Structures are given as C-alpha cells and as structure tokens.
Amino acid sequence: TINDETVELVQPYFEMEDYTLQHGKKVCGNVAGLLSWTQAMVVFYGVNREVLPLKANLAKQEGRLKVANAEKEKAQAELDEKQAELDKVQAKFDAAMKEKMDLENDAETCKRKMQAASALIDGLSGEKVRWTQQSKEFKSQIKRLVGDVLLCTGFLSYCGPFNQDFRNLLLKDLWETELRAHKIPFSDDLNLISMLVDQPTISEWNLQGLPGDHLSIQNGIIVTKASRYPLLVDPQTQGKAWVKNKEQDNELQVNSVLKEWCALHI
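Residues numbered from 1 in each chain as written. Predicted model: local features only at pLDDT ≥ 70, side-chain atom pairs only at ≥ 80, totals over all residues. Heavy atoms only, no water.

Quick look at the packing of aromatic side chains
Then comes step 1: Applying the stated rule across the entire model yields 2 aromatic pairs.
Then comes step 2: Here Phe162 and Phe166 contribute two aromatic rings whose centre-to-centre distance is 4.6 Å and whose plane-to-plane angle is 50 degrees, an arrangement assigned as tilted.
Then comes step 3: When the centroid spacing of 5.6 Å and the interplanar angle of 75 degrees are considered together, the rings of Trp205 and Trp242 count as edge-to-face. Taken together, the residues span a long stretch of sequence, with Trp205 in helix H7 (residues 199–207) and Trp242 in helix H9 (residues 238–246) at a distance of 37 residues. The residues Trp205 and Trp242 share a single accessibility class, namely buried. (Phe/Tyr/Trp six-rings, centres within 6.5 Å; stacked < 30°, edge-to-face > 60°. Helix = DSSP H or I, 4+ residues; strand = E, 2+ residues; numbered from the N terminus. Buried < 20%, exposed > 50% of the residue type's maximum accessible area, 1.4 Å probe, protein only.)

Topic: the environment of Asn245
Then comes step 1: Here Asn245 is to be found in helix H9.
Then comes step 2: With relative accessibility at 39%, the residue Asn245 sits in the partly exposed group.

Comments concerning the nonpolar core
Then comes step 1: In terms of nonpolar packing, the biggest core is built from 21 residues, with Phe155 and Ile221 touching the most fellow members.
Then comes step 2: The set of elements that each furnish at least two residues to this core consists of helix H4 (127–158), helix H5 (164–181), helix H6 (192–196), H7 and helix H8 (214–225).
Then comes step 3: Ranked by the residues each element gives to this core, the list is headed by H4, at 4 residues.
Then comes step 4: Excluding residues within four positions of it along the chain, Ile221 makes contact with Phe155, Leu156, Ile193, Leu196, Val197, Trp205 and Ala226. (Core = buried A, V, L, I, M, F, W, Y, C linked by side-chain atoms within 4.5 Å. Contact = heavy atoms within 4.5 Å.)

Describing H5
Then comes step 1: Taking 1.5 Å of rise per residue, the 18 residues of H5 would be expected to cover 26 Å, and the 25 Å separating its terminal C-alpha atoms lies within 8% of that figure.
Then comes step 2: Trp175 marks the point of greatest bend in H5, at about 30 degrees.
Then comes step 3: Along H5, the positions that sit buried rather than exposed are Arg167, Leu170, Leu171, Glu176 and Leu179.
Then comes step 4: Of the residues one or two after H5, Lys183 is the one with positive phi, at around 55 degrees. (Expected span 1.5 Å × (residues − 1). Bend = angle between axes of the 7 residues up to and from the residue.)

Regarding the layout of surface pockets
Then comes step 1: Considering only enclosed or pocket space, the second largest pocket measures out at about 780 Å³ in volume.
Then comes step 2: Gly160, Asn219, Leu231, Leu232 and Val233 are the residues nearest the centre of the second largest pocket, which is lined by 31 residues in total.
Then comes step 3: For the lining of the second largest pocket, the leading source of residues is H8, giving 6 residues.
Then comes step 4: Considering only residue class, the lining of the second largest pocket consists of 18 nonpolar, 9 polar and 4 charged. (1 Å grid on protein atoms, 1.4 Å probe; cavity = no way out; pocket = protein on both sides within 12 Å on 5 of 7 lines; lining within 4 Å. Points joined across faces, edges and corners; volume = space filled by probe spheres on them. Nonpolar A, V, L, I, M, F, W, Y, C, P; charged D, E, K, R; others polar.)

As for the pattern of salt bridges
Then comes step 1: Following the criterion strictly, the structure yields 6 salt bridges and no others.
Then comes step 2: Between Arg180 and Asp188 there is a salt bridge; the shortest N-O distance is 3.8 Å.
Then comes step 3: The class of Arg180 is partly exposed, set by a relative accessible area of 46%.
Then comes step 4: The network of salt bridges with shared partners includes Lys172, Glu176, Arg180 and Asp188. (Salt bridge = Lys/Arg side-chain N within 4 Å of Asp/Glu carboxyl O.)

Notes on the side chain of Gln218
Then comes step 1: Along the polypeptide, Gln218 turns up in helix H8.
Then comes step 2: Engagement of the side chain of Gln218 in a polar contact is seen with the side chain of Arg167, the distance being 3.0 Å.
Then comes step 3: Gln218 has contacts with Phe155, Gln164, Arg167 and Ile193, leaving out every residue within four places of it along the chain. (Polar contact = N/O pair within 3.5 Å; in protein donor to acceptor, adjacent residues only side chain to side chain.)

Overview of a nonpolar patch on the surface
Then comes step 1: Among the surface-exposed residues, Phe162, Phe166, Leu169 and Leu174 lie close enough to one another that they form a single nonpolar patch of about 310 Å² accessible area.
Then comes step 2: Locating Leu174 in the fold gives a position in helix H5. (Patch = residues over 30% accessible without salt bridge, like charges linked within 9 Å, V, L, I, M, F, W, Y side chains within 5 Å. Areas by Shrake-Rupley, 256 points an atom, 1.4 Å probe, with all protein chains shown as cover.)

Some details on the domain arrangement of the chain
Then comes step 1: Domain parsing of the chain yields domain 1 (4–78) and domain 2 (143–247).
Then comes step 2: For domain 1 and domain 2, the distance between their C-alpha centres works out to 136 Å. (Domains from an automatic or database assignment.)

Digging into the packing of helix H1 (residues 4–14) against helix H3 (residues 29–125)
Packed helix pairs are characterised by how far apart their axes lie and by the angle those axes make with each other.
Then comes step 1: Their axes nearest at 11 Å, the elements H1 and H3 cross at an angle of 140 degrees. Here H1 is positioned oblique relative to H3, judged by the angle of their axes. Every pair of crossing elements has a handedness; the one defined by H1 and H3 is left-handed. When H1 is examined against H3, the residues Asp4, Val7, Val10 and Phe14 are found in contact with a partner set consisting of Thr38, Gln39, Val42, Tyr45 and Arg49.
Then comes step 2: Its residues assigned to classes, the contact of H1 with H3 shows 5 nonpolar, 2 polar and 2 charged. (Axes fitted to C-alpha atoms, helices over the stretch in contact; angles between N-to-C directions. Parallel < 35°, antiparallel > 145°, perpendicular 65-115°, else oblique. Left-handed = near helix turned anticlockwise from the far one by under 90°.)

Listed below in structure tokens is the structure:
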C-alpha cells in the first residue's frame, strides 16, 4: 500500500538529524526498530518500483518465450519430418548417382570394346583378300598333296646313297616326268626341306654340329625321318659329331669296334 505520497510525507522525517537508529536506541529499542523499518520500507519501495516493471516484462517475455518454444518445437518437428524426407530423397539420389556412374562405366567399357572391335575389323579387312587367296592356295595345295607326298616318300626311301646332282636327277628328270605322264598333280617348285622339317629344327641341328648346306640338311632329314636305320659314310666325321650331340640327352652309346670297322672301310 506504500505509494509516492506516503514516501513524500515521511521524507522530512528522514532529513531530521535525530531520526536515526542510534538516536532511537537512546530513547527506546522499539522506536529504533520503527525508525529502521520505515527507512527500509522507503528503500524497498524505491527498489520495488524499478523491479515491478522488470517483473512484468519478465512475465511477458516468459510468455513470449513459451510461445516461441512451442513454435520452435513445432518447427523442429517439421524440420525432423523434412529431414527424414530429405534423407529418403538423398538415399534415392545417391542410388541414382551410383546407377548413373555404373551406366557411365559400362558405357565407357562398351565404347572401348566397340573401338577395339572397329579397329580389329578395320585391321582384318585388309586380311580378307589374303585369306581368300590363301584359301584358294590351300585348295590347290590339297590337290597337289598326293604328288608332293609321293616325291617326299621317294626321296626318303631311295635318295639317301646319292649325291646332290643325282638326287636332283631322280626328282626332277625322272619322278616328276612319271607324275606328269600319269597325270598326278604335284608342286612344280616343291621344296623337300620345308616340306619335311621346320626351320627351328634345322637351326637346332646346326647348333648340334650339322652343316647348313642343302645336302647335309637332306641327310639329316633322312636320318631322322626314314623308317630304316641309316648308314653314314662320314669321312669328315661331321655326321658322327652331329649324331652324338643330338642323342646326348638320350644316353647314346658308341661301339668302339664298330667305329674302327667303319673307319677301315671308309
């Protein structure tokens, strides 16, 4: 119930010199308490006058805070809901991007394969003519195969004892003439060496000591391909050295008596 008027009425008493706690105690303790209480009430009124608006404002702000918190909770709920939707959409987006990357990788792989296939097709297109020609050559070679095999078997069976000139006489002048007479097809440029042995084998023979001339290679073919055991007339011992080197891994055993007998008769 204190107001500004009450404070104004008691204000002259506060200005008196003897209106203090010490002077009140000299008169009576109760008077001293009354003096102290009135001063305290005035001070309280002054403080309370400033505090009340703050309290009112506090209550008002607390109300606003409550409303704001409610709105915040509502907004947070909406945010959580939207975040959940965003997470779902993000998951779909990530899956779509992964699928996109997989498709791009597959497309790139397919593109590389197509480029490689195109390059291969372009590269093989030039081979078509050669393959066609080679196919025709194979057909012609198959037709000539009977005569070529006949010449090769004749060479293995009968040309061993003779020198190069007589071998050519048998092959070119006699046997090929007979084949033509009997209309047996054969290759005019038949190469007996390439027909009966491949080049790596010849190279291996050379490393083992066999000379590289045609006669020596033909003799090597007869030694390795003929069905009967060959007899080597070998005054320079080149054939013996080649046979020993060739059969070294097969534990070839050389008979010294036969060796001396061969040397005497050669």
